[in-house]
Amino acid sequence: VTDRAGHNIPGANVAITGDRGAPSNMTQTDLDGSFVMQGLATGSYHLTARKEGYVSEDANDVTVPQSQPLTFALDHGATITGRVTGLSPEDLAQVVVAASGGTSRNQTPVDSAGNFTLHGMPDGRIRVDAFLSAPGRNRTALPKTIVVENGAAPPVELDFSEGITISGHVTHAGVAVSMGSISFFPTPQ
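This report concerns the structure included in the present document. (Residues numbered from 1 in each chain as written. Predicted model: local features only at pLDDT ≥ 70, side-chain atom pairs only at ≥ 80, totals over all residues. Heavy atoms only, no water.)

## Here we look at the packing of aromatic side chains
And step 1. Applying the stated criterion to the full structure yields 1 aromatic pair.
And step 2. A centroid spacing of 6.3 Å and a plane angle of 40° characterise the contact between Phe35 and Phe72, whose relative ring orientation is tilted. One end of the pair, Phe35, is in the loop between strand E3 (25–28) and strand E4 (43–50); the other, Phe72, is in the loop between strand E5 (57–64) and strand E6 (73–74), with 37 residues separating them in the sequence. (Phe/Tyr/Trp six-rings, centres within 6.5 Å; stacked < 30°, edge-to-face > 60°. Helix = DSSP H or I, 4+ residues; strand = E, 2+ residues; numbered from the N terminus.)

## A short note on the pattern of salt bridges
And step 1. Per the counting criterion, the structure on display carries 4 salt bridges.
And step 2. For Arg4, the salt bridge is made with Glu57, and the minimal N-O distance between the two is 3.9 Å. Separated by 53 residues along the polypeptide, Arg4 in the loop between strand E1 (2–3) and strand E2 (13–18) and Glu57 in strand E5 bring together distant segments of the chain.
And step 3. The exposure class of Glu57 is partly exposed, given its relative accessible area of 23%.
And step 4. Put simply, Asp129 and Arg127 hold a salt bridge, and the shortest N to O gap is 2.9 Å.
And step 5. For Asp129, a relative accessible area of 12% corresponds to the buried category.
And step 6. Three or more residues joined by partner-sharing salt bridges are found here, namely Arg4, Glu57 and Asp75. (Salt bridge = Lys/Arg side-chain N within 4 Å of Asp/Glu carboxyl O. Buried < 20%, exposed > 50% of the residue type's maximum accessible area, 1.4 Å probe, protein only.)

## Considerations on the pairing of strand E11 (residues 124–132)
And step 1. Note that strand E8 (residues 95–101) and E11 share 6 bridges and pair antiparallel. Looking at E11, one finds that Ala99 is bridged to Val128.
And step 2. Bridge analysis of E11 against strand E13 (residues 144–148) gives 5 bridges, and the strand direction is antiparallel. Opposite Arg127, over in E13, you have Thr145 as the bridge partner.
And step 3. Sheet analysis places E11 next to strand E12 (residues 139–140), joined by 2 bridges and oriented antiparallel. Across the sheet, residue Leu132 finds its bridge partner in E12, namely Arg139. (Pairing = 2+ DSSP bridges.)

## Description of the side chain of Asp91
And step 1. Mapped onto the elements, Asp91 comes out in helix H1 (residues 89–92).
And step 2. Assessed through its relative accessible area of 13%, Asp91 is described here as buried.
And step 3. Beyond its immediate stretch of four places on either side in the chain, Asp91 contacts Leu132 and Arg137. (Contact = heavy atoms within 4.5 Å.)

Set out below in structure tokens:
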């Protein structure tokens with residue numbers, strides 16, 4: 001696994017999945033960017049190389065046994081910047097922002113002012129989410145979808161005060177239930 005300039009990328013994750021739903025396997029690249037997957041049956045496989053800060057790359061229909069080594073050349077991709085608002089400074093310390101598009105995924109915590117930077121996102125539609133994970137206060141902001149074009153991304157603001165707030169109590173036989181979780185999913189229209 002290298003970057004587009006041919007520099008080796010150590011610590012990249014390489015995942016492999018068989019063509020008939022065979023179990024997947026994962027390994028990491030060595031200091032020289034090389035990887036080896038052993039014990040595979042003859043067949044066709046799908047591989048994905050992924051490293052934070054780079055756009056992931058797929059290789060489809062890789063035939064085993066191989067006739068020559070496989071090379072992935074990862075792009076640095078776009079950088080997405082933005083800000084999370086609508087939370088107290090204490091809650092901001094517990095927020096993680098995640099972005100996904102294609103097979104690329106990346107996440108980062110926000111700084112004390114709610115700012116974030118995500119690297120390695122591909123061109124195309126990218127979904128950006130913010131998650132507050134604190135005991136008894138798990139929340140998500142309304143996700144935003146942006147379009148990355150030619151490696152350029154618009155800034156993103158994720159506001160926890162947007163959207164509808166639902167509150168209530170969970171009980172069982174008239175007794176409050178603690179440490180539970182509530183999930184809401186939109187119904188198709």
